[in-house]
Amino acid sequence: QVQLQESGPGLVKPSQTLSLTCTVSGGSITTSYYYWSWIRQPPGKGLEWMGAIAYDGSTYYSPSLKSHTSISRDTSKNQFSLQLSSVTPEDTAVYYCARASLDTYYSGSFPNLPLHEYDYWGQGTQVTVSS
């Protein structure tokens, strides 16, 4: 089975960069047509898709977060990472990595997927932005 695990600091100061890594086992991040996403849930709010990296390395970002978000990968380690710069307390959330298994390549934008399209999830990691 595929397993995903988030890792990174649980506390980040305002204006700094939030960095998380998702380690994938049981499946390759380069296999088509898998898309590897970062999703977060602030306290008391719903899930928010942040961005994704595709099996071929293409990246996609939420328009509201694009200017502060970068997703990358290390195929040799079967990992993908999230960097969110200039964070504020509004970025406090549980952060998840998740896989979407689709049937085609998406150019330019990522579809608005229902939750059931994400077949594997990490357990989530709490990140608090506070001074």
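Structure first, text after, so check above.
Our subject in this report is the structure included herewith. (Residues numbered from 1 in each chain as written. Predicted model: local features only at pLDDT ≥ 70, side-chain atom pairs only at ≥ 80, totals over all residues. Heavy atoms only, no water.)

What about the overall build of the protein?
Basically, it comes down to this: Each helix corresponds to a stretch of at least 4 residues labelled H or I by DSSP, and each strand to a stretch of at least 2 residues labelled E; elements are numbered beginning at the N terminus. The globule rule used here is 2.2 Å times the number of residues to the 0.38 power, and the radius of gyration it is set against is calculated over C-alpha atoms. We call two residues in contact whenever any of their non-hydrogen atoms come within 4.5 Å of each other. Each accessible area is a Shrake-Rupley result for a 1.4 Å probe, and residues are judged covered by the shown protein chains and nothing else. Positive charges are assigned to Lys and Arg, negative charges to Asp and Glu, while His and the chain termini are left out of the count. To locate a charge, take atom NZ for lysine, CZ for arginine, CG for aspartate or CD for glutamate.
Across its full length, the protein carries zero helices and eleven strands. For the protein, the N- to C-terminal ordering of α and β elements is β-β-β-β-β-β-β-β-β-β-β. Taken over the C-alpha trace, the protein has a radius of gyration of 14 Å; the compact-globule value for 131 residues is 14 Å, and the two agree within 12%. Its C-alpha atoms give the protein principal-axis dimensions of about 40 × 25 × 25 Å. At a minimum sequence separation of 6, the contacts of the protein that also span at least 24 residues come to 60%. Accessible surface computed for the protein: about 6700 Å², of which carbon and sulfur atoms make up 45%. Separation between the mean location of the 7 positive side-chain charges and that of the 9 negative ones in the protein comes to 8 Å.

Concerning the sheet that holds strand 8 (residues 79–84)
In plain terms, the rule: Here, strands pair whenever DSSP counts at least two bridges between them. Interaxial angle, 0 to 180 degrees, is taken between N-to-C directions of lines fitted to C-alpha atoms, where a helix line uses only the stretch in contact.
Here we have four strands laid out as an open sheet, ordered 1-3-8-7, and antiparallel in their pairing. The sheet is open, and its two edges are formed by strand 1 (3–7) and strand 7 (69–74), each paired on a single side. The mean angle between the axes of side-by-side strands here comes to 20 degrees, regardless of whether they run parallel or antiparallel. Note that strand 1 and strand 3 (residues 18–25) share five bridges and pair antiparallel. Each bridged residue has a counterpart across the sheet, and for leucine 4 the counterpart in strand 3 is valine 24.

Overview of the pattern of salt bridges
A side chain of one charge can pair with a side chain of the opposite charge if their charged atoms are brought near each other. This is how the line gets drawn: Put simply, a salt bridge is a Lys or Arg side-chain nitrogen that is within 4 Å of an Asp or Glu carboxyl oxygen. Classification of residues uses two cut-offs on accessible area relative to the type maximum, computed with a 1.4 Å probe and protein chains only: under 20% is buried, over 50% is exposed, and between them is partly exposed.
Overall, the coordinates contain three salt bridges when judged by the stated rule. Arginine 40 is the salt-bridge partner of glutamate 48, the closest N and O atoms lying 2.8 Å from each other. On the accessibility criterion, glutamate 48 (23% relative accessible area) is partly exposed. Between arginine 40 and aspartate 91 there is a salt bridge, with the nearest N and O atoms lying 2.9 Å from each other. Note that arginine 40 is positioned in strand 4 (residues 34–41) and aspartate 91 in the loop between strand 8 and strand 9 (93–101), a separation of 51 residues in sequence. Accessibility assignment for this pair places arginine 40 and aspartate 91 in one class, buried. Via salt bridges that share partners, Arg40, Glu48 and Asp91 belong to a single interconnected network.

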